[in-house]
Amino acid sequence: MKSSCLLTLILTLNYYQANAQQNEKLDSASYFYENYQFSAAINYIRENNKQEAYAQKILAKSYIQLGMQEAAIDVYTNLIELEPENITHKVELAQLYLKLNILNEALSIFNELIELDFENPYYWRKVAFIHQKSSSVFEAIQAYQHTLTLNPNDQESGLQYAELLLKINQFQLVDSVANHFLNGTYSNKVPFLKLKLKSAYIQKNYASVVSTANQLFSLKDSALSTIKLVGIAEYRLGNYKESIQLLSSLLNENIDTEQIHFYLGAAYRSAKEHQMATEQFDAAIQAGISENISAYYTQLAANYQEMGEYNKAIEAYKIAYESSQEKLLLYHIARAYDFYYKDKKVAINYYEKYLSFNDSSNRDYFHYSRSRVKQLKADRHFEINTSN
């Protein structure tokens, strides 16, 4: 009897000693990890307890910290086999795939998790983000809709959802999402005001651009991109002084210099400050690297024309035409020659070249050109007859 009790005591002591040793090993692995000794944690775990779930998780995280993601994937895959019901292992593996841009694998795991918990907004948000990252716009929109249905207070998802809607010109929905977050008790309203600003600008609702920008300015947000858009909007609204003031403030900033010079030139031209307009159009041309170069020369030419410098206007119109082959520019070249030169032969040639395109989208210019050619030819015929 005494021997039996003694044996039981010895076995019990051995059991607790083994457990204590095991816990000591795990605690040591945890100690190494928490003190940023990731290589030591890996070596310790591999030498002592490769199959222990708690240690394996530390192993995976240590691999990640050392940039050894492929090894971490193998560990997480083994962990899922070891504990298939453990959701955390699957989420962390999916996050790792996402970090490595292995999107199909990440999407597969999150879709599997949605099947287990359909009303989990976190899973839907991740699915939406993966679709967005894969440029699957409509799939991302649908997933963000699910996310926001389950969690209407998710500002980040609301912002990404609205940005995607903006890409497909769903302006009413964009404004609806923005207003939802602007009318709530959310602290950061700036991103949603900027969404409304972009939406209004694309729709050419320039009055709304100005009012929304003023809201941003009142929140001490004076981003250069906002100043640029409101400066252009003021020009479109005919507020040339305000436009010039706003856009001029951006000249020393590294932001769309080409476009800033162009709209400044247009504002100065509309304000009848032709010399300043010329300088800005020239600056836009010098900075011009886009397909808008023809528009810059066209505006420069029109400015010269209003100044009565028809010879310079003709040269600018010609460069614009060479760049764009826009047929209406032939009409403007003809008009400039018609005003500037006594000999109307060149003007007639350009009018007829324009007429050869049968420009149905600009019927007034077309009919004027046809009438003007008849008149000029009649005048030339009269001059020839009288000279004889």
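Given the structure is predicted, the values throughout are model-derived calculations rather than measurements.

Here we come to the overall build of the protein. A count of helical and extended segments in the protein gives 21 helices and zero strands. In the protein, of all internal contacts separated by at least 6 residues, the share reaching a separation of at least 24 is 43%. Carbon and sulfur atoms make up 49% of the accessible area of the protein, which amounts to about 21,900 Å² in all.

The next thing to look at is the pattern of salt bridges. A side chain of one charge can pair with a side chain of the opposite charge if their charged atoms are brought near each other. Enumeration over the complete set of coordinates arrives at ten salt bridges. Between E306 and R269 there is a salt bridge, with its nearest N and O atoms 2.6 Å apart. A residue pair is termed long-range when its members are at least 10 positions apart, and E306 in helix 17 (residues 293–306) and R269 in helix 15 (residues 257–270) qualify at 37 residues. Taking the relative accessible area as the measure of exposure, E306 reaches 39% and is therefore partly exposed. K344 serves as the salt-bridge partner of D338, at 3.3 Å between the closest nitrogen and oxygen. Like K344, D338 is buried. A single network of salt bridges, built from pairs that share partners, joins D338, K344 and R372.

Between the first and last C-alpha of helix 16 (residues 274–287) there are 20 Å, a value that for 14 residues agrees with the 20 Å anticipated at 1.5 Å per step. On its buried face, helix 16 is in contact with helix 15 and helix 17.

Looking now at the packing of helix 10 (residues 171–182) against helix 11 (residues 190–202). Two elements in contact, helix 10 and helix 11, have axes whose closest approach is 9 Å; the angle formed by their N-to-C orientations is 155°. As summarised for this structure, helix 10 and helix 11 are arranged roughly antiparallel, according to the angle between their axes. Both helix 10 and helix 11 take part in a crossing whose hand is left-handed. Of the residues in helix 11, those touching helix 10 at F171, V174, D175, A178, N179, F181 and L182 are F192, L193, L195, K196, S199 and I202.

As a further point, take the confidence of the model for the protein. For the protein, per-residue confidence averages 88 on the pLDDT scale, and 89% of positions sit at 70 or higher. The low-confidence segment residues 5–23 (pLDDT under 50) makes two contacts with residues lying over four places distant or belonging to another chain. In the model, residues 384–388 has pLDDT below 50 throughout and makes zero contacts with residues more than four positions away in sequence or in other chains.

What follows deals with the environment of K57. Turning to its location among the elements, K57 is positioned in helix 3 (residues 53–65). Between the C-alpha atoms of K57 and H89, which are 32 residues apart in sequence, the distance is 8.4 Å. Discounting chain neighbours no more than four positions away, the residues touching K57 are L79, T88, H89 and E92.

Within the largest apolar cluster, 65 residues are counted, with the highest numbers of intra-cluster contacts made by L93, F110, I130, Y161 and F192. Once residues lying within four places of it in the same chain are set aside, the contact partners of F110 are A94, Y122, Y123, K126, V127 and I130. With 49 residues, the next largest nonpolar core counts I232, L264, A277 and I285 among its residues.

Along the chain, the position of I285 falls in helix 16. The sequence separation of I285 and A295 amounts to ten residues, and the corresponding C-alpha distance is 9.5 Å. Ignoring any residue separated from it by four or fewer positions in sequence, one finds I285 in contact with I293, Y296, Y297 and L300.

Between helix 11 and helix 13 (residues 224–236), the shortest axis-to-axis distance is 11 Å and the interhelical angle comes to 35°. Crossing of helix 11 against helix 13: the hand is left-handed. Judged by residue contacts, K194, L197 and Y201 of helix 11 engage T226, L229 and I232 from helix 13.

Turning next to the packing of aromatic side chains. Aromatic ring pairs are defined here through the distance separating the ring centres and the angle between the ring planes. This model, assessed by the stated rule, comprises 24 aromatic pairs. Taking the centre distance of 6.4 Å and the plane angle of 70° together, the rings of F110 and Y122 count as edge-to-face. One end of the pair, F110, is in helix 6 (residues 103–116); the other, Y122, is in helix 7 (residues 121–133), and twelve residues separate them in sequence. Judged by relative accessible area, which is 0%, F110 ranks as buried. For Y122, a relative accessible area of 33% gives the class partly exposed. Members of the aromatic cluster, each reached through a chain of ring pairs, are Y235, Y240, F262, Y263, F281 and Y296. For the cation-ring pair, R363 lies above F366, with the distance from its terminal atom to the ring centre recorded as 4.6 Å.

Cut-offs used in this document
- Residues numbered from 1 in each chain as written.
- Predicted model: local features only at pLDDT ≥ 70, side-chain atom pairs only at ≥ 80, totals over all residues.
- Heavy atoms only, no water.
- Helix = DSSP H or I, 4+ residues; strand = E, 2+ residues; numbered from the N terminus.
- Contact = heavy atoms within 4.5 Å.
- Areas by Shrake-Rupley, 256 points an atom, 1.4 Å probe, with all protein chains shown as cover.
- Salt bridge = Lys/Arg side-chain N within 4 Å of Asp/Glu carboxyl O.
- Buried < 20%, exposed > 50% of the residue type's maximum accessible area, 1.4 Å probe, protein only.
- Expected span 1.5 Å × (residues − 1).
- Axes fitted to C-alpha atoms, helices over the stretch in contact; angles between N-to-C directions.
- Parallel < 35°, antiparallel > 145°, perpendicular 65-115°, else oblique.
- Left-handed = near helix turned anticlockwise from the far one by under 90°.
- pLDDT = per-residue confidence, 0-100.
- Core = buried A, V, L, I, M, F, W, Y, C linked by side-chain atoms within 4.5 Å.
- Phe/Tyr/Trp six-rings, centres within 6.5 Å; stacked < 30°, edge-to-face > 60°.
- Lys NZ or Arg CZ within 6 Å of the ring centre and 35° of its normal.

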